[in-house]
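Breakdown of the fold
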Amino acid sequence: MEKVVLAFSGGMGTLAALHVLRRRYGRDNVITYTANLGQKSSTEGLCERAMQLGAAYTHIADLRERFVDDFVWPAFRAGAVCDSGYMLAHALARPLIVSELVRVAREEGATMIAHGCAGKSNDQVRFEVSAAALAPELQVLSPLRTQGLLRRDELITYCKKHRLPTKQVRDSRFSITENLYGSSVQWDKAPDAFEPVPEDVFRQTRSLAETPDTPAELLISFKEGIPCALDGDPLGGVELIERLREVAAEHGVGRLSTMEDRLIGIKMVEVYEQPAATILHMALRALERLVLSPELAAFKRVIARRYADLAYEGFWFSELRQALDAFVGNACQFLTGDVRITLLKSTCRVSGVRSRYGLYRQGLAAPTTEGDEFAHQGLQGYMDTISQPLKLRQSGDSRRRAR
Ligand code: ARG
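A short tour of the structure in this document, coming up. (Residues numbered from 1 in each chain as written. Predicted model: local features only at pLDDT ≥ 70, side-chain atom pairs only at ≥ 80, totals over all residues. Heavy atoms only, no water.)

Turning next to the side chain of T14. Take T14: it is sitting in helix 1 (residues 12-25). The exposure class assigned to T14 is buried, which follows from its relative accessible area of 9%. From its side chain, T14 meets the backbone oxygen of G11 in a polar contact 2.9 Å long. Filtering out sequence-adjacent residues up to four positions away, T14 remains in contact with L6, A7, F8, S9 and G116. (Helix = DSSP H or I, 4+ residues; strand = E, 2+ residues; numbered from the N terminus. Buried < 20%, exposed > 50% of the residue type's maximum accessible area, 1.4 Å probe, protein only. Polar contact = N/O pair within 3.5 Å; in protein donor to acceptor, adjacent residues only side chain to side chain. Contact = heavy atoms within 4.5 Å.)

If you want it as structure tokens, here you go:
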């Protein structure tokens with residue numbers, strides 16, 4: 001019998017997927033893989049649960065560091081943010097999980113990998129596209145799709161019928177998926193887009209009313225576009241994000257309620273909490289404004305948008321993404337410096353920026369004679385030259401149209 005490796009988070013979809021697979025392929029042939037990506041709800045006990053439900057083997061791994069170093073930071077320094085404001089926390093985790101499933105499948109001699117993604121999710125697309133890119137020889141299964149468990153109620157009925165131990169069955173207005181870099185809400189009913197988001201949806205960040213009256217001042221240091229220290233303490237990525245997430249959450253920073261275009265062609269109300277990501281993107285943007293030439297900054301924004309789309313659409317393992325990374329690495333070579341951030345009452349703003357590679361010179365910007373280093377004498381010729389085409393258009397011949 002052939003073996004299958006299932007991505008197993010312990011969420012309702014993955015419980016049902018495990019159950020379906022075990023019935024189809026038998027107890028000895030289903031292997032589960034659980035990733036710790038820094039979700040606050042712990043991964044403890046998940047291996048035991050998978051075994052009870054019929055997995056032959058279970059794997060669990062702490063992927064936080066790889067997640068940050070190999071997925072979050074490359075996308076971050078590219079400036080990858082979706083048009084909706086989504087900073088891609090989940091989209092960036094999928095390719096990592098798939099690469100792990102492929103590794104385990106090869107080690108265990110499995111011929112299939114599987115996911116428990118919902119029928120309207122973007123994650124199913126990312127999962128299957130990533131798998132195709134990494135291991136075309138493996139078959140990718142979507143047990144929920146083949147079993148007709150496409151909607152939430154069908155899933156709940158299935159879980160109840162087979163007595164699968166899921167907590168979402170009881171609390172059923174929404175469920176939350178999170179990792180180190182951000183969290184997102186899945187609703188049980190499509191919300192009215194005109195209604196404000198209920199307060200209890202937010203689990204990480206405080207509401208405006210509960211935020212402190214005194215601001216928090218942060219100093220974030222970057223090396224070549226990657227955050228490397230907080231308030232002067234050099235930190236690895238995981239710890240830096242965790243610490244930033246705490247302060248940001250306390251000050252109510254990082255909530256986002258937005259309209260998203262799903263990959264399957266529908267619009268969806270999405271609610272995210274991305275406290276650390278929100279601050280970091282704002283800080284990097286400030287550093288870019290100081291350091292980059294306007295041409296490079298503008299082109300980097302074009303790349304950022306394309307990069308975000310690629311990550312969102314599941315094309316992480318594509319040659320285009322690799323090529324964009326090469327551009328981004330080069331564009332970030334001078335993005336080393338410090339940014340001051342002030343958090344207050346659900347807002348964050350930049351309160352200072354410095355870099356030894358900055359292109360800002362007080363001597364050039366000086367508004368008075370004292371200390372002015374600007375070369376005013378060249379200006380007249382510059383004006384004449386750049387206005388030349390406009391002058392020509394206004395004069396005689398060049399206004400007459402050909403008949
Ligand atoms: N809409 C978001 C995205 O496309 C949220 C994904 C949430 N993932 C999950 N497994 N619940 O990335």
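Time to look at the sheet that holds strand 13 (residues 337-344). Reading across from one edge, 10-9-8-13-14 is the order of the 5 strands in this open sheet, with antiparallel pairing throughout. Of all strands in the sheet, those bounded by a partner on one side alone are strand 10 (233-234) and strand 14 (347-354). Note that strand 13 and strand 14 share 7 bridges and pair antiparallel. For T342, the partnering residue across the bridge sits in strand 14 and is R349. In this fold helix 8 (residues 237-250) packs onto strand 8 (216-223), strand 9 (226-230), strand 10 and strand 13, with an angle of close to 70° to the strand it touches most, strand 9. (Pairing = 2+ DSSP bridges. Axes fitted to C-alpha atoms, helices over the stretch in contact; angles between N-to-C directions.)

Among the secondary structure elements, L292 is positioned in the loop between helix 9 (275-291) and helix 10 (294-313). Residue L292 is classed as buried on the basis of its relative accessible area, which comes to 8%. It is 8.3 Å that separates the C-alpha atoms of L292 and A331, two residues lying 39 residues apart in sequence. If sequence neighbours within four positions are ignored, L292 has contacts with A297, K300, A331, L335 and L359.

Tallied over the full model, the rule gives 23 salt bridges. Here D261 and K267 are joined by a salt bridge, their closest N and O atoms 2.6 Å apart. You can call D261 partly exposed: its relative accessible area is 45%. One network of salt bridges, in which partners are shared, links R66, E100, R103 and E107. (Salt bridge = Lys/Arg side-chain N within 4 Å of Asp/Glu carboxyl O.)

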